[in-house]
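# Descriptive structure summary
Next come the chains, spelled out residue by residue.
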Amino acid sequence: MIQFFNTLSGQKEPFTPIEPGKVKLYTCGPTVYDHAHIGNFRAYVFEDVLKRFLRFQDFQVTHVMNITDVDDKTIRGAKTKGVPLADYTAEYIGAFFDDLKVLRIEPADHYPRATEHIPDMVRIIQGLLDKGFAYRKDGAVYFSIARSPGYGKLSKIDLAELRTTERVESDEYEKESARDFALWKAPKEGEPFWDSEIGPGRPGWHIECSAMSAKYLGPTFDIHCGGVDNIFPHHENEIAQSEAYWGRPFVNTWLHCHHLIVDGEKMAKSKGNFFTLRDLVKNRQVDPMALRYLLLSTHYRKVLNFTFEALEQAQAALRRIRDFLYELDSRPFQAGEVPEVRNILTEARTKFVEGMGDDLNISLALTALFEMIKRVNVLIREEKLRADDARETAAFVHSLDLVLAVLLPQRETTIPDELMRKIQARELARKDRNFKLADQLRRELDDAGLVLEDTKDGVRWKVLR
Ligand code: AMP
Ligand code: ZN
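The rules we used
Residues numbered from 1 in each chain as written. Chains lettered and ligands numbered in written order. Predicted model: local features only at pLDDT ≥ 70, side-chain atom pairs only at ≥ 80, totals over all residues. Heavy atoms only, no water. Donors = N, O, S within 2.8 Å, 3.2 Å for Na, K, Ca; no water. Helix = DSSP H or I, 4+ residues; strand = E, 2+ residues; numbered from the N terminus. Buried < 20%, exposed > 50% of the residue type's maximum accessible area, 1.4 Å probe, protein only. Axes fitted to C-alpha atoms, helices over the stretch in contact; angles between N-to-C directions. Parallel < 35°, antiparallel > 145°, perpendicular 65-115°, else oblique. Left-handed = near helix turned anticlockwise from the far one by under 90°. Contact = heavy atoms within 4.5 Å. Expected span 1.5 Å × (residues − 1). Near = heavy atom within 4 Å. Polar contact = N/O pair within 3.5 Å; in protein donor to acceptor, adjacent residues only side chain to side chain. Nonpolar A, V, L, I, M, F, W, Y, C, P; charged D, E, K, R; others polar. Salt bridge = Lys/Arg side-chain N within 4 Å of Asp/Glu carboxyl O. Phe/Tyr/Trp six-rings, centres within 6.5 Å; stacked < 30°, edge-to-face > 60°.

This part covers the coordination of the zinc ion (ligand 2). Within the protein, the zinc ion (ligand 2) binds to Cys28 (SG), Cys209 (SG) and His234 (NE2); these donor distances fall in the range 2.0 to 2.2 Å. Mapping the donors of the zinc ion (ligand 2) onto the primary sequence gives the spacing C-x180-C-x24-H. Remark: histidine 234 occurs in helix H7 (residues 231–246) and cysteine 28 occurs in the loop between strand S3 (22–27) and helix H1 (38–56); sequence separation between them is 206 residues. Here the two residues cysteine 28 and histidine 234 agree in accessibility, since each one is buried.

This paragraph deals with the packing of helix H14 (residues 417–431) against helix H15 (residues 435–447). Each packed pair of helices is defined by two parameters, the angle between the axes and the distance between the axes. Between H14 and H15, the least distance of the axes is 8 Å, while the angle of their chain directions is 155 degrees. Put simply, H14 runs roughly antiparallel to H15. Seen along the crossing, H14 lies across H15 with a hand that is left-handed. Touching Leu419, Lys422, Ile423, Ala425, Arg426, Ala429 and Arg430 of H14 are Phe435, Leu437, Ala438, Leu441, Arg442, Glu444 and Leu445, all from H15.

The end-to-end C-alpha distance of helix H12 (residues 362–381) is 28 Å, a good match for the 28 Å that 20 residues give at a rise of 1.5 Å each. Listed as buried for H12 are Ile362, Ala365, Leu366, Ala368, Leu369, Phe370, Met372, Ile373, Val376, Leu379 and Ile380. Buried residues in H12 make contact with helix H9 (288–296), helix H10 (308–330), helix H11 (339–357) and helix H13 (387–404). One or two positions beyond H12, positive phi appears at glutamate 383, with a value near 55 degrees.

By nearness alone, 16 residues border ligand 1, and Gly39, Gly227, Asp229, Asn230 and Leu260 come closest of all. Contact distances for ligand 1 include 3.3 Å between an oxygen atom and a backbone N or O atom of threonine 31. A distance of 2.9 Å separates an oxygen atom of ligand 1 from a polar backbone atom of glycine 227. Those elements giving two or more residues to the shell around ligand 1 turn out to be H1 and strand S9 (221–227). Along the lines of polarity and charge, the residues of the shell around ligand 1 split into five nonpolar, 10 polar and one charged.

With that settled, the discussion passes to the pattern of salt bridges. This model, assessed by the stated rule, comprises 26 salt bridges. Linking aspartate 48 and arginine 292 is a salt bridge whose minimum nitrogen-to-oxygen distance equals 2.9 Å. Separated by 244 residues along the polypeptide, aspartate 48 in helix H1 and arginine 292 in helix H9 bring together distant segments of the chain. By relative accessible area, which is 0% here, arginine 292 ends up buried. The partner of arginine 301 in a salt bridge is aspartate 359, and the shortest N-O contact between them spans 2.9 Å. Of this pair, arginine 301 sits in the loop between H9 and strand S12 (304–306) while aspartate 359 sits in the loop between H11 and H12, placing them 58 residues apart in sequence. Residues joined in a network through salt bridges with shared partners are Asp48, Arg52, Arg55, Glu106 and Arg292.

Our focus in this paragraph is the packing of aromatic side chains. On inspection of all chains with the given rule, the structure shows 20 aromatic pairs. Ring centres of phenylalanine 46 and tyrosine 300 lie 4.6 Å apart, and the angle between their planes is 10 degrees; on these two criteria the pair is classed as stacked. Taken together, the positions of phenylalanine 46 in helix H1 and tyrosine 300 in the loop between H9 and S12 put the pair 254 residues apart, joining distant regions of the chain. Per residue, the accessibility class of phenylalanine 46 equals that of tyrosine 300, and both read buried. Measuring from ring centre to ring centre gives 5.7 Å for phenylalanine 275 and phenylalanine 306, while their planes differ by 55 degrees; the resulting arrangement is tilted. Here the residue phenylalanine 275 occupies a position in the loop between strand S11 (260–262) and helix H8 (277–283), and phenylalanine 306 occupies one in strand S12, the gap between them amounting to 31 residues. There is no split in this pair, since phenylalanine 275 and phenylalanine 306 are both buried.

Right, here's the structure in full:
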């Protein structure tokens, strides 16, 4: 059984998709005005592990992630740079896809862009006007929260309290109520806008997700994810619009990951603790897999405190797993098998699946993996492990990596020519008994992240980085 903590009900619930065996998943994507930061990637890695686990449990998942390529920030960025909006966002969309690959995040099935779905949004806004859930004011269209009886059910927000605080902050006095939100914004001087049946303008942010999720997944679907900052007002507003327009429940299960913070503080550009993936990989030589491990190894509903020390611990955990795989792969084991190994693997698999199935309890799942490694290592040390056991154990780790996508080293079947030549040069130096040169070449290879081992069958190497 799989159960998830549903933000909507405020409790763990057994998960049953609408259509047996199939899961429709929508996750809020990036606003492409800058590079995504590692906090964003916490959300995307959590969603990736969720999706991979559902697949591991034989669900067929259809995943949609929107790209917000028009909003105040993208418009401001394009203006400052003096380029058309589409040119400005293209750079960050490209960078986002590159980053996903670096972190081994599987691509979604659809990445709808807001600017390519304006007519879908206009249709819903028109419908909301027709049904009386929305009203026009000075060229804009607003959603009326007073006409949405269920408003607040996701965030459990106290509307009375909201009214008093929001009014002070809000300078949009043209609205009927300060709580109402814009579905359609009137054009502003020098800003991009679209002509449409509801007048010229551009869409608000929330309507984008309602329109694009329905287009690709239907008006009611299984799972919607995002970070906790999305709960209010974004997801609350999505529910209000979608349920008002279609007259049926919008999403069955809402999953929200908690924030990533840095050294105990909110990540902010002004504090100098703001990191993009690129900063870490290029300027601080961080292994992207250590970052992925760090991001996924804290339960998604807990705050994750990013520190460089924690990153080192993540790297060390990965090294333990990879060293184990290397042992399995390279030791000369005797032929055959021992029944004990099969039991160890079955137990580990059961615990892993039970852990992940319990609201993605990653701590239990990783404990299952490390306990298995410990037990098999004892058998290796006692020279009890056989060749078939080693193969099966390695295959088991590979199978868990279908969910975690972090355990195996980058799939490099070849190493760069330059390093290959160094390995050969070192072999020759050893044959010539020039040990000084051989040692120096070994050190150079070591610095490049390649560890050599001399065996009776010749030299073997493993890539550590
Ligand atoms: P944005 O581009 O700001 O709309 O954010 C994209 C996704 O990243 C959303 O799902 C946010 O909830 C999530 N997110 C933003 N900041 C953080 C953070 N510090 N930790 C975790 N998730 C975040
Ligand atoms: Zn959204």
